[in-house]
Structures are given as structure tokens and as C-alpha cells.
Amino acid sequence: MNIRLMLRWCPVVLSLGCGPRQTVYEEVGVATYFLDNQSSHALRVEWKTSPQLDSETGQKSVPSGTVRELFSDSHFGVNPLPTDTFASLAIYRVDTGGRVYLQEPIRVEAWHRERKDSRLYGLTHYTLRIRDEDMPLP
């Protein structure tokens, strides 16, 4: 094929491209998880994320009477639930080191859900409240 013929066909081929460009518009759902430590003890929270989040581990200390953000997760087209984000969650008393609470598997009903905006998915806060009566005696 000669160069002149190729140069004539180049603009035609380039104008055809790969078809119409399509932009995908899909809303992202975001979930932020909190621990509300209403107990009289400082607590340490340890978690393992779901396999979709590479089964990573994390931990946070939560002093008595405080609320701490633990983790945030997001997905296209859906609001993540605690079961989508966590594989397990354990709570330990800082003073004794003993485990006082365990969710394995995660139970959605244990988390208080609060929508933070009016979008279809948007931002949702999930809070796990822990009180002295939720923990066994030392």
C-alpha cells in the first residue's frame, strides 16, 4: 500500500474511532463506621475487613465517654453495610486486655444507622454503641 493512499484513509479511520464515548454516571455510596463508648472503660477496637477489602486489619483506642471513627468504605451503586465492610470486630478493655465484645460474623442489627444526606446512596453513618451492660463482668 502506498503512503498517499494510507494518508487519505487515516482521517476517515480516526474519525470513526472506537464508537461513541459513553460516560457512566453511577452514584457512590459511602459508609462511615463509629464506636460510641458509653462504658466506664477505655476500649481498644480491632477489626478485619471483608475479603473484598483485602482482609486488612486495623485497630483504634476509644476512651470512655467518646465516639471515634473507625473506618470508611464506599461502593458504586450501593451503600455499604457493616457486613460488606467487616469480617469481624472485637473490643478489648484497655486496663485488663481482655476481650469484652465480639462480632464474628458481623450483625447489621447491632449498628445504629443514620443517613446524612438525601441522595439515593450518599453518606451513611453506622454507630456501634457499647455500654457496661454489653460487656461481661471482669
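Residues numbered from 1 in each chain as written. Predicted model: local features only at pLDDT ≥ 70, side-chain atom pairs only at ≥ 80, totals over all residues. Heavy atoms only, no water.

K.L.:
Tell me about the sheet that holds strand β4 (residues 67–76), and name the residues and values.
P.N.:
An order of β4-β1-β8-β7 is seen for the four strands of this open sheet, with the pairing classed as mixed. Each edge of the sheet is formed by a strand with only one pairing partner; in this case those strands are β4 and β7 (112–115). Across this sheet, the average inter-strand angle for adjacent strands is 20 degrees, counted without regard to direction. Two elements, strand β1 (residues 28–37) and strand β8 (residues 122–130), share nine bridges in a ladder whose sense is parallel. In the strand pairing of β8, Val30 is matched with Leu123. (Pairing = 2+ DSSP bridges. Helix = DSSP H or I, 4+ residues; strand = E, 2+ residues; numbered from the N terminus. Axes fitted to C-alpha atoms, helices over the stretch in contact; angles between N-to-C directions.)

K.L.:
Please give an account of the side chain of Thr124 that cites residues and values.
P.N.:
The topology assignment puts Thr124 in strand β8. Looking at Thr124, the relative accessible area reads 0%, which means it is buried. A distance of 3.2 Å separates polar atoms of two side chains, one belonging to Thr124 and the other to Asn79. Ignoring anything within four residues of it in the chain, the contact list for Thr124 reads Val30, Ala31, Thr32, Asn79, Arg113, Glu114 and Arg115. (Buried < 20%, exposed > 50% of the residue type's maximum accessible area, 1.4 Å probe, protein only. Polar contact = N/O pair within 3.5 Å; in protein donor to acceptor, adjacent residues only side chain to side chain. Contact = heavy atoms within 4.5 Å.)

K.L.:
Residues and numbers for the packing of aromatic side chains, please.
P.N.:
Using the criterion set out here, one finds seven aromatic pairs in the structure. Measuring from ring centre to ring centre gives 5.5 Å for Tyr33 and Tyr126, while their planes differ by 20 degrees; the resulting arrangement is stacked. Of the two residues, Tyr33 is situated in strand β1 and Tyr126 in strand β8; the sequence distance between them amounts to 93 residues. The exposure class of Tyr126 is buried, given its relative accessible area of 2%. (Phe/Tyr/Trp six-rings, centres within 6.5 Å; stacked < 30°, edge-to-face > 60°.)

K.L.:
Could you give an account of unusual backbone geometry, naming the residues involved and the relevant values?
P.N.:
The residue after Glu104, namely Pro105, is reached through a cis peptide bond having omega 10 degrees. Inspection of the secondary structure assignment puts Pro105 in the loop between β6 (99–103) and β7. The backbone phi angle of Asp54 is positive, close to 70 degrees, even though this residue is not glycine. Positionally, Asp54 belongs in the loop between β2 (43–49) and β3 (57–62). Overall, Asp54 belongs to the exposed group, its relative accessible area being 58%. The phi torsion at Ser55 lies on the positive side, around 50 degrees, for a residue other than glycine.

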